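# Examination of the molecular architecture
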Amino acid sequence: MLVRMTTNADQSQTRPRRRTPAGAAVLREDVTEAIRAAVFEELAAVGYARMSIEGIARRAGVGKTAVYRRWRSKLHLVLDVVSAVAVMGLPTPNTGSLEGDLRMLYEVTSRALRHPVVSQIIPDLQAEAARNPEIAEALQKALEQGQEGVASKILVGAERRGEVRAGLDDELALDLISGPLYWRTVVAARGQKLPKGYLDALARATTEALKAL
């Protein structure tokens, strides 16, 4: 009786191929992006406390199950969206001078902060952060990966060029860079247009302050 030895090649030919998941097993990227966009719109419209999965799904034009397949709660959905925005980050300026880098950073940041949706979302999330440690942690990471991360790189470049002294207080320096613009745009002016020449004056004053540390 002849027994045929089955090789690995034979097994690979006879073994049924796995099919690519279809239908509910596939999370379509366009649906995911529509839901993320809906989160921003819903946050701006009703705030975090009143925001609901139903409202997000309705605004995104999908069913609630499409949202729950991706996130198990509105908290996790918001945390994911905040983290995703942070990862995109800001471009790191490279103008060759501290004042030029700060001016470019302020221009990009001020545009983002004055966006009508962002200007409504940030104060609401900060209020929620005071009550929810998870949101507070997500916002802190967003700051570290966003403007503060870029500001740190600007300081490193300035130190290499000899514009600021080595070993300065990093936390104080970051406060000087990020604090005034945020205060003026989000708290005082609440998204309104900044006065002409304000960013130039802020970059100049911040540069002098950093050199004095």
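Placed above this text is the structure.
Sequence order as written defines residue numbering, which begins from 1 separately in each chain. Whole-chain, interface and lining totals are the exception, using all residues; otherwise, since this is a predicted model, local features are given only for residues with pLDDT of at least 70 and side-chain atom pairs are given and counted only at 80 or more. Each side-chain value is derived from all of the structure's non-hydrogen atoms; neither hydrogens nor water enter the calculation.

Looking now at the overall build of the chain. A helix here means a DSSP run of H or I that spans at least four residues, while a strand means a run of E at least two residues long, and both kinds are numbered starting from the N terminus. On a plain count of helices and strands, the chain comes out with 11 helices and 0 strands. Listed N to C, the secondary structure of the chain is α-α-α-α-α-α-α-α-α-α-α in terms of helices and strands. Counting only residues that meet the buried cut, the chain has 35% of its 213 residues in that class. Summarising the internal contacts of the chain: among those between residues at least 6 apart in sequence, 66% fall at separations of at least 24. Counting every atom, the chain has about 13,200 Å² of accessible surface; 54% of that belongs to carbon and sulfur. Exposure is judged per residue with a 1.4 Å probe applied to protein chains only, and the accessible area is read against the type maximum: over 50% gives exposed, under 20% gives buried, and values in between give partly exposed. Residue contacts are defined here by distance: any two heavy atoms, one from each residue, within 4.5 Å place the two residues in contact. Only the protein chains shown count as cover for residues, and the accessible areas themselves come from Shrake-Rupley with a 1.4 Å probe.

For the pair helix α6 (residues 98-114) and helix α10 (residues 170-188), the least separation of the axes is 10 Å and the interaxial angle reads 35°. Of the two elements, α6 crosses α10, and the hand of that crossing is right-handed. When α6 is examined against α10, the residues Leu102, Leu105, Tyr106, Thr109, Ser110, Leu113 and Arg114 are found in contact with a partner set consisting of Leu176, Ile177, Leu181, Tyr182, Thr185 and Val186. Gly is placed with the polar residues, together with every amino acid not listed as nonpolar (Ala, Val, Leu, Ile, Met, Phe, Trp, Tyr, Cys and Pro) or charged (Asp, Glu, Lys and Arg). Class assignment for the residues of the contact of α6 with α10 results in 9 nonpolar, 3 polar and 1 charged. Every axis corresponds to a line fitted to the C-alpha atoms, with the helix fit spanning only the stretch in contact, and the corresponding angles, defined between N-to-C directions, vary from 0 to 180 degrees. The crossing is said to be left-handed when, going from far helix to near helix, the turn is anticlockwise and less than a right angle, and right-handed when the turn is clockwise.

Below, the discussion takes up a negative patch on the surface. Patch members must show over 30% relative accessible area and no salt bridge, and they are joined within 9 Å when carrying like charges or within 5 Å when they are nonpolar side chains of Val, Leu, Ile, Met, Phe, Trp or Tyr. By convention in these notes, a salt bridge is any Lys or Arg side-chain nitrogen within 4 Å of a carboxyl oxygen on Asp or Glu. As used throughout, the charge tally considers Lys and Arg to be positive and Asp and Glu to be negative, leaving His and the chain termini uncounted. For the purpose of locating charges, the reference atoms are NZ of Lys, CZ of Arg, CG of Asp and CD of Glu. On the surface, Glu159, Asp169, Asp170, Glu171 and Asp175 cluster together into a patch of negative charge. Per-element accounting of the negative patch gives the leading share, 3 residues, to α10.

Counted as a void, the second largest pocket has a volume near 160 Å³. The rule is simple: put a 1 Å grid over the protein atoms alone, call a set of points where a 1.4 Å probe fits but cannot get out a cavity, call an open set with protein on both sides within 12 Å along at least five of seven lines a pocket, and count a residue as lining if it has an atom within 4 Å of a point. If you trace the second largest pocket, you find it lined by Arg103, Glu107, Ser110, Arg114, Lys193, Leu194, Pro195, Lys196, Gly197, Tyr198, Leu199 and Asp200. Contributing elements (two or more residues each) for the lining of the second largest pocket: α6 and α11 (198-212). When its residues are assigned to classes, the lining of the second largest pocket shows 4 nonpolar, 2 polar and 6 charged. Grid points are joined across faces, edges and corners, and a volume is the space filled by probe spheres set on the points.

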